[in-house]
Amino acid sequence: MKYLTEFRNNDLVQKLFHEIHQITTRPWAMMEVCGGQTHSIIRNGIDQLLPPEIELIHGPGCPVCVTPLETIDKALAIAAQPNVIFCSFGDMLRVPGSDHDLFAVKSQGGDIRIVYSPLDALKVARDNPDKQVVFFGIGFETTAPANAQALVVAKKQGLKNFSMLVSHVLVPPAIEALMQSPTCRVQAFLAAGHVCSVMGYWQYEPLAEKYHVPIVVTGFEPLDVLNGIYHAVLQLEASRHEVENAYSRAVQREGNLPAQKVMQEVFEVCDRKWRGIGMIPQSGWQLNAAYRDMDAAIRFQVGDIRTQESSICRSGDVLQGLIKPHQCPAFGKECTPSKPLGATMVSSEGACAAYYNYGRFIEHEQVAP
Amino acid sequence: MCLGVPGQIKEVYELEGVRMGKVNFGGIVKEVCLEYVPEAVVGDYTIVHVGFAITRLDEASALETLKMFEELGVLDEELNPEHLE
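Bear in mind the structure is a predicted one, so any value in this text is a computation, not a measurement.

Draft legend 1. Unusual backbone geometry, seen in detail. The residue Gln282(A) is not glycine, and still its phi comes out positive at about 55°. Taking the relative accessible area as the measure of exposure, Gln282(A) reaches 45% and is therefore partly exposed. The phi dihedral of Val50(B) is positive, around 40°, even though this residue is not glycine. You can see Val50(B) is positioned in the loop between β4 (45–49) and β5 (52–56).

See below:
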């Protein structure tokens, strides 16, 4: 068992498609929360093989895309300082701030290093005691345990030259905000599998109950995505609204308790602005009092940041599922992966990048029969 | 958001008080923090995200899921075999 090829088995994929066609009798709109799921869907053409009644609305689960513009601009201001080594995940370097990006800061002499893990940033801090080493700690509940562990180790080792610019976001409050929006068309959610590996899925049960919406914990391989859709349609057709776990090999109801314990030691909940969506109450994590001395936003007084979004970028509407990427007038013209206007075209998990990279320039129906 | 990749634990050790290990991703072996999967041992598969194992993969559940897929539609095949193109 390698847990990859088995969940791409074409015969089983055909079987699941067949079953989904069999059980779908009415139009249903469901949202896959995670950008990784969006890319699996578009790359494998899953949306085009589903019954036409089923619409997949791409969710806001792309950490790069939703990181607030103010935070990007703060990162740019910190990274430009001479005595700073700024460490970040790769795809954050091309996210447009108000007027430039981290790559531009790097080209003007900023010491910016791409790391695979926050623990790598600790190594940079140990190797450069005379420099201030800052790690860009963004992401959802899946990434937060890694950043929390790095902070715990840094404190234990007394790494005084290490700090973190933290901008974590949480899925449940975002689902609640989406369901409360009058323009929301979502009837079921495919929950982000690896967020649930960490947090479990008990937090979604009150949401399914309150908003009468099925929530199915879903993985990322083709069979996993189809399994999530299959169980969501079964519920919708039977007017049920429960939380179901369609990714049981990687998710248990209570989640990863050791990870949750460390995160509680380091973070506290806060209101968070989501880029393109706006302020969502209690939807973020920030460093708590015990770790505030390692908060780069405080350690580096970068002052009040005046932000300026691109006037024609509609990534906010894409993130809320109001439009599909190719319905944006700038898509593929002023806005391409090499000259992105918004973060959803930059990120390897952004819906606009998925549509561009996998050639989704026009509606499926308009493609020559 | 949370691109996690399954890999097999090849070695477990401690580094400066932190549980670490070597994990094999289809031939590429990387150092991974195993602090969050204290129950995982050599030979187990885990999902790894930004260098951290976030869960141990449960083989029984995986096999059960695959079996469910296999059995899908078997009932239809018996009840009305002709509807299958």
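Draft legend 2. Up close: the pairing of strand β8 (residues 215–218) of chain A. Residues and elements named next belong to chain A. Of the two faces of β8, both are covered, the one formed by Ile215 and Val217 as well as the one formed by Val216 and Thr218. Here strand β7 (residues 188–192) runs beside β8; their pairing, made up of four bridges, is parallel. Directly across from Ala192, in β8, lies its bridge partner Thr218. In terms of strand pairing, β8 meets strand β9 (residues 243–245) through three bridges, oriented parallel. For Val216, the partnering residue across the bridge sits in β9 and is Glu244.

Draft legend 3. Structural detail: the pattern of salt bridges. All names here are of chain A. Counted according to the given criterion, the structure contains 18 salt bridges over all chains. Notably, a salt bridge pairs Arg249 with Asp224, separated by 2.6 Å at the nearest N-O pair. Of the two residues, Arg249 sits in the loop between β9 and α13 (257–266) while Asp224 sits in helix α12 (residues 222–237), which places them 25 residues apart along the sequence. Across the pair, Asp224 and Arg249 agree in class, each one buried. Lys261 is paired through a salt bridge with Glu265; the nearest N and O atoms lie 3.7 Å apart. You can see Lys261 and its partner Glu265 sitting in helix α13, four residues apart, about one turn around the helix. Look at Lys261 and you get exposed, because its relative accessible area is 54%. Among the ionic contacts, a cluster of salt bridges with common partners joins Glu55, Arg185 and Lys324.

Draft legend 4. Molecular detail of the side chain of Thr38(A). All names here are of chain A. When you line up the elements, Thr38 lands in helix α2 (residues 35–43). What makes Thr38 buried here is its relative accessible area of 1%. Residues within four places of Thr38 in sequence aside, it is in contact with Glu32, His58 and Ala351.

Draft legend 5. Looking closely at helix α9 (residues 171–180) of chain A. The buried fraction of α9(A) is high, at seven of ten residues. Turning to α9(A), its buried residues number three or more, namely Val171(A), Pro172(A), Pro173(A), Ala174(A), Ile175(A), Leu178(A) and Met179(A).

Analysis parameters
- Residues numbered from 1 in each chain as written.
- Chains lettered and ligands numbered in written order.
- Predicted model: local features only at pLDDT ≥ 70, side-chain atom pairs only at ≥ 80, totals over all residues.
- Heavy atoms only, no water.
- Buried < 20%, exposed > 50% of the residue type's maximum accessible area, 1.4 Å probe, protein only.
- Helix = DSSP H or I, 4+ residues; strand = E, 2+ residues; numbered from the N terminus.
- Pairing = 2+ DSSP bridges.
- Salt bridge = Lys/Arg side-chain N within 4 Å of Asp/Glu carboxyl O.
- Contact = heavy atoms within 4.5 Å.

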